[in-house]
Amino acid sequence: MMTAFGLPMWICLLWLFVFGAVVGSFLNVCIYRIPTKEGLWESLSAIIFPPSRCPRCQNRIPGWCNVPIFGWLLLRGRCYYCKGRISPRYPLIECFNGLLWVFLYWMHIPDGFMSNINESWVHGTYGPVGAAGFNVAWWQTNAALLHWQFLYHLVLVEALLVASFIDIDLRIIPDGSTLPAMLFGVLGSLTGISQLTPVWHQDPVVRNDLRWLLPECPEWMFPVHIIPKWIEHSPHLHGLFVSVAGIAIGGGLTWIFRIIGKWGLGREAIGFGDVILMAMIGAFLGWQPTVLAFFIAPAIALVVTILTWPFRRESVIPYGPFLSIGAIIVLSCWKPIWLNYSRIFGAGPLLIMVGTTMLLMFAASTRFVQVLKRWFGWRDPVPSDSGEWLPADQTFYLSCENVDPRQGRWPNPNEWPGVNSARGWCQYDAWRNGPRK
């Protein structure tokens, strides 16, 4: 069996749910406190200090009240001291995180006495393999390799959960929810056992087809080896290359789409926090899974927007949760996904031309959408912080500047007092200018 300590799968999943719920309680603290500070170090320090307190009565929460899920149920959703209402979102996040741990472990670790590493839904065809033999340490076996990958990817999933809920609440993704996890992803890649697929490979079928179509191209465009030899000889260096390439392409691709979207649509389409979020995803998964997650996210966003449009119409939606969902889908089902898309990423240098063509098509499509909107007379809503001075702003400004009807005017003894009396200014006028004679 490949489960932890050879235990049955249901026991492992039960304990994982408990540990996931406990960690979910800590994630609630991160979601609430990280956005309260601007600096990276300040936001991380806010997680630890001060201790948990009721935001209303400021009393410290007893330890037994912090028990995941059951603490909220025992308190019946009320503060122990002031009886103020506690949102049910806290136990729901704890329960959801426990289920997320269970789901991720189920996808990583195959079950059964005769299970092997190839039955994992996460471990790819070209992924690392543990050592073989009777004298191999337990932490070098295939079962240990799958568990190390599970723990490594678990850090990514927890960071995605924190960043997504902060984005839902405040429409921001602070650095405190992404940069520490990104650093962990880079350091963990040095182990050489975390990558899902090589940083570069050449599909032999695609190579032969391209060689037939482009016989005059130089030989370096069609390498003989499917995977470069240095990857096999330097697994630790290769792991670092996978992580760095994921950061560069994940963050760079999102940054390019952000620039093109702002140029084509005339307003910001993707926030800078989403750029850092995709770079963090790339640090853990590599550039190929990150690209797939990036293109899965808009499809999920479109479906969710259509389903929720009759109930909640918003011109701006948080995009971070959809990027996170796309990353989790790619991670948990990586093996079947890679079997369908490996030939695309194995196209070699032709992949660069395909990517450039897609970017140009995206830029053209955004401009085409703007032309259609202008043709039909549709206008984009003007954001409140755009800086444009609107008629409503002018009216509000004048009302604030002319609060006092006597402002800038000499007292007029011949003015009928009923004018100010009807507006409630009679007593103020007597106090400011003296009683009428």
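Draft legend 1. Seen up close, the overall build of the protein. If you tally the helices and strands in the protein, you get 17 helices and zero strands. Per-residue burial for the protein yields a buried fraction of 40% across its 437 residues. A fraction of 70% describes how many contacts in the protein between residues 6 or more apart in sequence connect residues 24 or more apart. Here the protein has roughly 26,000 Å² of accessible surface; of this, 68% comes from carbon and sulfur atoms.

Draft legend 2. Molecular detail of the environment of Asn66. Along the chain, Asn66 turns up in the loop between helix H2 (40–48) and helix H3 (70–75). For Asn66, a relative accessible area of 36% puts it in the partly exposed group. The residues touching Asn66, leaving out its near neighbours within four places in the chain, are Ser25 and Ile61.

Draft legend 3. Examining the packing of aromatic side chains more closely. This model, assessed by the stated rule, comprises 17 aromatic pairs. Seen in terms of ring centroids, Tyr80 and Tyr81 are 5.1 Å apart; in terms of plane orientation they differ by 90°. Their pairing is edge-to-face. Following the ring pairs from residue to residue traces out a cluster consisting of Phe257, Phe294, Phe295 and Phe362. Directly above the ring of Trp263 sits Arg367, whose terminal nitrogen or CZ lies 5.1 Å from the centroid.

Draft legend 4. Structural view of the pattern of salt bridges. This model, assessed by the stated rule, comprises two salt bridges. Residue Arg89 pairs with Asp169 through a salt bridge whose shortest N-O separation is 2.7 Å. In this pair, Arg89 sits in helix H4 (residues 89–108) while Asp169 sits in helix H5 (residues 142–170), placing the two residues 80 residues apart along the sequence. The exposure class of Asp169 is partly exposed, given its relative accessible area of 40%. Between Glu268 and Arg258 there is a salt bridge, with the nearest N and O atoms lying 2.9 Å from each other. Here Glu268 is found in the loop between helix H9 (235–265) and helix H10 (272–285), whereas its partner Arg258 is found in helix H9, with ten residues between them in sequence.

Draft legend 5. A look at a nonpolar patch on the surface. A surface patch of nonpolar side chains, amounting to about 760 Å² of accessible area, comprises Trp64, Val67, Phe70, Leu73, Leu74, Tyr80 and Tyr81. With respect to the helices and strands, Tyr80 occurs in the loop between H3 and H4. Tyr80 sits in the partly exposed class, given a relative accessible area of 41%.

Draft legend 6. Quick peek at the packing of helix H6 (residues 179–189) against H9. Between H6 and H9, whose axes approach to 7 Å, the crossing angle comes to 155°. As far as their axial angle goes, H9 and H6 are roughly antiparallel. Residue-level contacts link Met182, Gly185, Val186 and Ser189 of H6 to His236, Gly239, Leu240, Ser243 and Ile247 of H9. Among the residues making up the contact of H6 with H9, the classes are represented as four nonpolar, five polar and no charged.

Draft legend 7. Expanded view of the nonpolar core. Counting residues in each nonpolar core, the largest one holds 68 residues, and the members touching the most others are Tyr105, Leu277, Met280, Ile281 and Phe284. Ranked by residue count, the leading element in this core is H5, at ten residues. Membership of the second largest hydrophobic core comes to nine residues, among which are Ile31, Ile34, Ile47 and Ile166.

Draft legend 8. Inspection of unusual backbone geometry at higher detail. Residues Phe49 and Pro50 are joined by a peptide bond in cis, for which omega reads 0°. Of note, the phi angle at Phe5 is positive, near 60°, even though the residue is not glycine. With respect to the secondary-structure elements, Phe5 resides in the segment before helix H1 (9–33). For Gln58, which is not glycine, the phi torsion reads 65° and is therefore positive. By the secondary structure assignment, Gln58 is in the loop between H2 and H3.

Draft legend 9. Representation of the side chain of Asp167 within the structure. Residue placement: Asp167 occurs in helix H5. Notably, Asp167 is buried but unbridged: the nearest opposite-charge side chain belongs to Arg171, and the N-O separation is 6.0 Å. What Asp167 contacts, discounting residues up to four positions off in sequence, is Ile172, Ile173, Asp274, Pro318, Tyr319, Gly320 and Pro321.

Draft legend 10. View of the side chain of Thr290. Residue position: Thr290 is located in helix H11 (residues 287–308). Residue classification places Thr290 among the buried positions, given a relative accessible area of 1%. With sequence-adjacent residues up to four places away left out, Thr290 is seen in contact with Gly250, Met278, Ile281, Gly282 and Leu285.

Draft legend 11. Quick look at helix H13 (residues 334–345). In this model H13 runs just 14 Å from its N-terminal to its C-terminal C-alpha over twelve residues, more than 12% under the 16 Å that 1.5 Å per residue would give. Among the structural elements, H11, helix H12 (320–332) and helix H14 (350–375) are those in contact with the buried residues of H13.

Draft legend 12. A look at the packing of H10 against H12. Packing of H10 against H12 leaves a shortest axis separation of 10 Å and a crossing angle of 15°. Here H12 runs roughly parallel to H10, going by the angle between their axes. Considering the relative orientation of H10 and H12, their crossing is right-handed. Every residue of H12 that contacts H10 at Asp274, Leu277, Met278, Ile281 and Leu285 is listed here: Gly320, Leu323, Ser324, Ala327 and Leu331. Looking at side-chain class alone, the contact of H10 with H12 contains seven nonpolar, two polar and one charged residues.

Cut-offs applied
Residues numbered from 1 in each chain as written. Predicted model: local features only at pLDDT ≥ 70, side-chain atom pairs only at ≥ 80, totals over all residues. Heavy atoms only, no water. Helix = DSSP H or I, 4+ residues; strand = E, 2+ residues; numbered from the N terminus. Buried < 20%, exposed > 50% of the residue type's maximum accessible area, 1.4 Å probe, protein only. Contact = heavy atoms within 4.5 Å. Areas by Shrake-Rupley, 256 points an atom, 1.4 Å probe, with all protein chains shown as cover. Phe/Tyr/Trp six-rings, centres within 6.5 Å; stacked < 30°, edge-to-face > 60°. Lys NZ or Arg CZ within 6 Å of the ring centre and 35° of its normal. Salt bridge = Lys/Arg side-chain N within 4 Å of Asp/Glu carboxyl O. Patch = residues over 30% accessible without salt bridge, like charges linked within 9 Å, V, L, I, M, F, W, Y side chains within 5 Å. Axes fitted to C-alpha atoms, helices over the stretch in contact; angles between N-to-C directions. Parallel < 35°, antiparallel > 145°, perpendicular 65-115°, else oblique. Nonpolar A, V, L, I, M, F, W, Y, C, P; charged D, E, K, R; others polar. Core = buried A, V, L, I, M, F, W, Y, C linked by side-chain atoms within 4.5 Å. Lys, Arg positive; Asp, Glu negative; His and termini not counted. Expected span 1.5 Å × (residues − 1). Left-handed = near helix turned anticlockwise from the far one by under 90°.

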